[in-house]
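Geometric and topological summary
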Amino acid sequence: MTHAALIARYDGRIPRYTSYPTAPHFSTAVGPQEYAAWLQALPDDATLSLYLHVPFCDRLCLYCGCNTTVVRHEAPRRAYAAMLEREIRMVASLIGRRAAVGHVHWGGGTPTTLPADCLVSIMNTVRELFDLRAGAEVAIEIDPTVLPADRLEALSGMGITRVSLGVQDLEPDVQQAIGRKQSYAMTEDCATKLRGMGITSLNLDLIYGLPFQTVDSVARTARRALGLGADRVAVFGYAHVPWMKRHQSLIDEAALPGPLARFEQSRMIARVLEEAGGYVPIGLDHYAKPDDALAQASATAGLKRNFQGYTTDTAPALIGLGASSIGGLPQGYVQNATGVPAYSAAIGKGVLATARGIAVTEEDKLRRAVIERIMCGDETDLVAIAEAHGMDAGGLLAAAAGLDRFVADGLVVWDGQRVKMTDAGRPFTRSAAALFDAYLKRDDAKPRHAQAV
Ligand SMILES: C[S@@+](CC[C@H](N)C(=O)[O-])C[C@H]1O[C@@H](n2cnc3c(N)ncnc32)[C@H](O)[C@@H]1O
Ligand code: SF4
């Protein structure tokens, strides 16, 4: 079957499965009270992960799908930092002990829009109230075009161990169309400075499917990006969702590559990264150097998936802090109020800012485990997973009937119990995982998710 025919058959508006159930199914049934009870019930010996969201940027890239706004003044940034510290104190006091933490991730937006002293102070509060384990990963997302000297210095004070650099695309016409000017030299300079400070774990983000991108142009970007020597590269398909992100409507849809072109672009980037760069593919959209922990986790079926994408993090609970942040606990998911005013109003009153969430059922946990293993590219044994959950595999096996056409098209290997994506099937991983999503069928026709491929 041609690629065009495969795309016509399998592309659709399918979630990225960074959680299951996915965020559109969160509701106000879960609020501050439920979240407080969930925090209090965390097992004493649990090593936790923290995610801190900073919803500010110095510029707004037209393609951006993140929860962020351009804030130019320092006062609101300081006010937000104070709220974040307050929320950390509230959460730590509900947990009721100095819990162990193995991963901290600062995301955004652009976390370094916070003043340097605020960044260090927040990290100090984290260290005071949580037991940051030796060797803990402290990661931060950085916009290489905006990293003033004091923020660079703050990264040392914060004990940052890993940095993700947003690159996206290095071609001038594409950068012009997405409102993001960023030279290779600027990006390289940022990487060099970070390495000079001893931060040797570097990630890069690239995007395909952007306006004016072609197979040749993304190959050029990917080849130049190799020069940055990152340990990990995330390659995202541009999620064009102007009904949710209104600034994306400033992107000329006529300049956007179609589904087949997107597919070919993602394959080309994969080729450059794997053949010229020596990276190994991880799950759906990540690449890592073979000796990187992510590659090793992937090789031993130890890869995990959370809101930041693929990770080595095996913590039973991810605590989300800041406006719009999502947390995952053994009992379910919680999301804070999306807007800074609503978030700050709650925290300012000493109330958790939980706006929505979902309690997970035993059935959800079972399906989540299957979806996660498929998304991680593993051989997924439906019967063994059901047994491990003390449940019957009947529902999973019924859903697996949908795999037949994937098998016929060479995308999946399926022996009636175990399922694994083939190399050709990797771009369609989300579509195969979606077969086990019990909520997707109930979705209405509204286009809430971006294209799967
Ligand atoms: C919070 S940003 C990264 C940090 C920093 N703000 C920057 O832009 O350099 C996280 C990443 O999300 C990805 N991203 C943002 N909007 C996207 C979209 N609409 N579709 C696909 N990926 C997107 C980009 O690759 C971006 O680097
Ligand atoms: S891509 Fe990064 S810098 Fe650009 S608007 Fe989004 S979060 Fe801000």
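Given the structure is predicted, the values throughout are model-derived calculations rather than measurements. All residue numbers here refer to positions counted from 1 along the written sequence of the relevant chain. Chain labels run from A onward and ligand labels from 1 onward, assigned in the order the entries are written. Under the rules for a predicted model, residues below a pLDDT of 70 receive no local features and side-chain atom pairs below 80 are neither given nor counted, while totals for whole chains, interfaces and linings still include all residues.

**Re the domain arrangement of the protein chain**
Per the domain assignment, the segments making up the protein chain are domain 1 (17–359) and domain 2 (362–442). Note that the domain bounds were set by an automatic or database domain assignment. One C-alpha centre belongs to domain 1, the other to domain 2, and the line joining them spans 27 Å. Think of it this way: build a C-beta for each residue from its backbone, and any pair within 7 Å is a contact. Counting residues at the interface gives 13 residues for domain 1 and 16 residues for domain 2. Residues were grouped as follows: Ala, Val, Leu, Ile, Met, Phe, Trp, Tyr, Cys and Pro as nonpolar; Asp, Glu, Lys and Arg as charged; and all remaining residues, including Gly, as polar. Here the residues of the side of domain 1 that touches domain 2 sort into 8 nonpolar, 4 polar and 1 charged.

**Observations regarding the environment of Glu137**
Residue position: Glu137 is located in strand 5 (residues 131–142). For the pair formed by Glu137 and His103, sequence separation is 34 residues and the distance between their alpha carbons is 4.8 Å. Once you skip the residues sitting within four places of it in the chain, Glu137 turns out to touch His103, Thr161 and Arg162. Secondary structure counts use DSSP, requiring at least four H or I residues in a row for a helix and at least two E residues in a row for a strand, with both numbered from the N terminus.

**Remarks on the site of ligand 2**
Around ligand 2, the surrounding shell consists of Cys57, Leu60, Cys61, Cys64, Cys66, Thr68, Gly108, Gly109, Thr110, Asp143 and Gly166. Taken together, the residues that form the shell around ligand 2 break down as 5 nonpolar, 5 polar and 1 charged. As used in this record, a residue near a molecule or strand is one whose C-beta atom, placed from the backbone, is within 6 Å of it.

**Overview of the site of ligand 1**
The environment of ligand 1 is made up of 18 residues, and the closest members are Gly65, Asp143, Gly166, Asp205 and Phe236. Of all the secondary-structure elements, those providing two or more residues to the shell around ligand 1 are strand 4 (100–108), strand 6 (162–168) and strand 7 (201–208). Partitioned by chemical class, the residues of the shell around ligand 1 number 8 nonpolar, 7 polar and 3 charged.

**Quick word on the sheet that holds strand 19 (residues 418–421)**
If you walk across this open sheet you meet the 3 strands as 17-19-18, and the pairing is antiparallel. At either margin of the open sheet sits one strand with a lone partner, and together these are strand 17 (380–381) and strand 18 (412–414). Where strand 17 meets strand 19, 2 bridges bridge the pair, whose relative direction is antiparallel. Among the inter-strand pairings, Asp381 is bridged to a residue of strand 19, identified as Arg418. Here a strand pair is declared whenever DSSP counts at least two bridges between the two strands.

**Focus on helix 12 (residues 362–375)**
Expected helix span is given by 1.5 Å per residue-to-residue step, counting one fewer step than there are residues. The terminal C-alpha atoms of helix 12, which comprises 14 residues, lie 20 Å apart, in line with the 20 Å expected from a rise of 1.5 Å per residue. Exposure classification rests on a simple neighbour count of other C-beta atoms within 10 Å of a residue's own: a residue reaching 20 or more is buried, one at 12 or fewer is exposed, and one in between is partly exposed. C-beta atoms are placed from the backbone. If you check which residues of helix 12 are buried, you get Leu366, Arg367, Arg368, Val370, Ile371, Glu372, Arg373, Ile374 and Met375. Check the buried side of helix 12 and you find it contacts strand 11 (304–306), strand 17, helix 13 (382–388), helix 14 (394–399), strand 19 and helix 16 (429–433). Looking one or two residues past helix 12, Gly377 carries a phi angle of roughly 80°, positive in sign.

**Describing the nonpolar core**
Counting residues in hydrophobic clusters, the biggest one holds 129 residues, and the most contacted among them are Leu50, Leu206, Val233 and Ile269. Sort the elements by how many residues they give to this core and helix 3 (residues 74–95) lands first, with 7 residues. When residues of this core are assigned to domains, at least three map to each of domain 1 (17–359) and domain 2 (362–442). Non-local contacts of Val233, meaning those with residues more than four positions away in its chain, are made with Leu204, Leu206, Leu273, Tyr279 and Tyr287. We call a set of buried Ala, Val, Leu, Ile, Met, Phe, Trp, Tyr and Cys residues a nonpolar core when their C-beta atoms link them within 7 Å.

**Some details on the packing of helix 4 (residues 116–129) against helix 5 (residues 149–158)**
Helix axes use the C-alpha atoms of the stretch in contact, all axes being lines fitted to C-alpha atoms, and the angles between their N-to-C directions lie in the range 0 to 180 degrees. It is at 9 Å that the axes of helix 4 and helix 5 come closest, and there the two elements cross at 10°. Between helix 4 and helix 5, the crossing angle belongs to the class labelled roughly parallel. Across from Ala116, Leu119, Val120 and Met123 in helix 4, the residues of helix 5 making contact are Asp150, Arg151, Glu153, Ala154, Gly157 and Met158. Classifying every residue of the contact of helix 4 with helix 5 gives 6 nonpolar, 1 polar and 3 charged. For classification purposes, angles smaller than 35 degrees are called roughly parallel, those larger than 145 roughly antiparallel, those between 65 and 115 roughly perpendicular, and all remaining angles oblique.

**A look at the pairing of strand 19**
Covered by surrounding structure in strand 19 are Val419 and Met421 only, the residues Arg418 and Lys420 on the alternate face being uncovered. When strand 18 meets strand 19, the two strands line up antiparallel, connected through 3 bridges. Across the sheet, the residue bridging to Val413 is Lys420, located in strand 19. Count of turn residues in the strand 18/strand 19 antiparallel hairpin: 3 residues, of which Gly416 carries a positive phi of about 95°.

**A few points about the environment of Ala36**
Following the sequence through the fold, Ala36 ends up in helix 2 (residues 32–40). Residue classification places Ala36 among the partly exposed residues on the basis of 16 C-beta atoms within 10 Å. Separated by 318 residues in sequence, Ala36 and Thr354 have C-alpha atoms that sit 9.5 Å apart. Apart from the residues lying within four places of it in its own chain, the contact partners of Ala36 are Leu94 and Leu352.

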